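Now for the letters of each chain:
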Amino acid sequence: MNNAKHNESKTDTELFARAQAVIPGGVNSPVRAFQAVGGTPVFVKEGRGSKIVTAEDRELIDFCGSWGPLILGHAHPQVVEDVKVAVEHGMTFGINTEREVEFAELLCRQIPYMDQVRLVSSGTEATMTALRLARGVTGRNKILKFDGCYHGHADYLLVAAGSGLLTGGTASSAGVCASAVQDVLLAPYNDLTAVENIIAEHGDALAAIIVEPIAGNMGLIMPNEGFLEGLREAANRSGAVLIFDEVISGFRLAPTTYGNSCGVTPDLTCLGKIIGGGMPMGAVGGRRDIMENLAPLGNVYQAGTLSGNPVAIAAGMSTLKILIEDSPYERIEKLAKKLVSGVQEKADAAGVDINIATKGGMFTIFFQKNDVYNLDDAKKSNTVKHAKFFHNMLSNGFYLQPSQFEVCFISAAHTEDDITTFITAAGKAFKQ
Ligand SMILES: Cc1ncc(COP(=O)(O)O)c(C=O)c1O
């Protein structure tokens, strides 16, 4: 290893060139590659509170928040302290620990309809496990998902709408067999009529309906009134397992799930991001009679060397306890409201068409006038304008999600000043 040589590189351009030589596309997850906005991805060397410092020593106010986990901001002192203590006691055992029992108890306490929970290491693992469970307990194969909802990168979830929504979808990635997606049916988000049609045709074969109860992977889209209730009813009628993928929304608006807050009870819930406090963690939990089908009790297999990892538990537990005790939600929402109204005003003044979706500390600035209810609506946004806005904001000190079809996050560490300067910079960007 030539460490001296490695330490010389400082600019994003140099680092990205080095990265591209040894990492496909220079990134370890494709969304980081700036393909949607162009240019060279930023490299970070540290983060504190609402800010990150890049390899080029630029300080940026961060609205990406590692794509959602960092609701307390970067390197929250208590979380860091708790992680340090955990690390000093050993990083992994592959043997039971009291802390994982405590953590499962905490999740089940905060989510009254979660009787049991299995910890995993990512959101993808959580949804894979939930869907395998649903297929295992129902003895059925078909899955209904919503176009534009993302549930991780398992083969059968990489599916795009086919020519007819009533037929199975087509694979949206090379390497995914047609047979893997043939049992996955797609409906537009917020479209209960499409759901009804699918139930009429395939209800008897349907193992699961999986949905993001707040959609966050085509930009932020809220469920229409009655949509989630309609899914609950459709699942009851068809005998399918209703799965809420709350990897983004869990613990985001309150120290519980959105399902619990809005009063619609799913059979299974998938969690990730916030519950890991910045460490790799996911969870699937729900009805005892379903969860008890997981190995070793039942015949649905699932396992993980690092599942329930003590360091990840320490970060997650610390984060959830702070969220429960300090309840920063109202303050975060107030900041988001201020940002949204300020940015909208600036856009109106500059004559730029935008529509900002917001809920709690989440927001997406869609570059179009119209309200967005599903993926087709979201796709009508002007992605060229979004890319220009993104780069303008970046050069003025703000890191946003490098894609139109994502959610930006405000954390408990953001300040009034962060929001005010964001609004001013957005105003300048719109004018340009
Ligand atoms: C709603 C949702 N589900 C599942 C996942 C997959 O989680 P992970 O990236 O931890 O595998 C994501 C990731 O962004 C997500 O947003």
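Residues numbered from 1 in each chain as written. Predicted model: local features only at pLDDT ≥ 70, side-chain atom pairs only at ≥ 80, totals over all residues.

Caption draft 1: Representation of the site of the ligand within the structure. Surrounding the ligand, one finds 16 residues, the nearest of these being Ser122, Gly123, Thr124, Gly152 and Val247. The element that contributes the greatest number of residues to the shell around the ligand is helix α5 (residues 123-138), accounting for three residues. The residue inventory of the shell around the ligand, partitioned by class, reads four nonpolar, 10 polar and two charged. (Near = placed C-beta within 6 Å. Helix = DSSP H or I, 4+ residues; strand = E, 2+ residues; numbered from the N terminus. Nonpolar A, V, L, I, M, F, W, Y, C, P; charged D, E, K, R; others polar.)

Caption draft 2: Examining the sheet that holds strand β15 (residues 398-399) more closely. The four strands lie next to each other as β1-β2-β3-β15, forming an open sheet whose pairing is mixed. Of all strands in the sheet, those bounded by a partner on one side alone are β1 (44-48) and β15. Here strand β2 (residues 51-54) runs beside strand β3 (residues 59-62); their pairing, made up of three bridges, is antiparallel. Residue pairing across strands places Ile52 opposite Leu60, the latter belonging to β3. (Pairing = 2+ DSSP bridges.)

Caption draft 3: Seen up close, the packing of helix α3 (residues 77-88) against helix α11 (residues 310-326). Two elements in contact, α3 and α11, have axes separated by 8 Å at closest approach and are oriented at 150°. Between α3 and α11, the angle falls in the class roughly antiparallel. Read as a crossing pair, α3 and α11 show a hand that is right-handed. Contacts between α3 and α11 involve Gln78, Val79, Asp82, Val83, Val85, Ala86 and Val87 from the former and Pro310, Val311, Ala314, Ala315, Ser318, Thr319 and Ile322 from the latter. Each residue belonging to the contact of α3 with α11 can be placed in one class, and the counts come to 10 nonpolar, three polar and one charged. (Axes fitted to C-alpha atoms, helices over the stretch in contact; angles between N-to-C directions. Parallel < 35°, antiparallel > 145°, perpendicular 65-115°, else oblique. Left-handed = near helix turned anticlockwise from the far one by under 90°. Contact = placed C-beta atoms within 7 Å.)

Caption draft 4: Examining unusual backbone geometry more closely. The residue after Ala295, namely Pro296, is reached through a cis peptide bond having omega 10°. By the secondary structure assignment, Pro296 is in the loop between α10 (288-291) and α11. Positive phi is not limited to glycine here, since Asn190 has a value of about 70°. Positionally, Asn190 belongs in the loop between β8 (184-188) and α7 (192-202). Given 21 C-beta atoms within a 10 Å radius, Asn190 is considered buried. Here the phi dihedral of Lys273 falls at roughly 40°; this positive angle occurs in a residue that is not glycine. With respect to the helices and strands, Lys273 occurs in the loop between β11 (268-271) and β12 (282-286). When the 27 C-beta atoms within 10 Å are taken as the criterion, Lys273 is described as buried. (Buried ≥ 20, exposed ≤ 12 C-beta atoms within 10 Å, placed from the backbone.)

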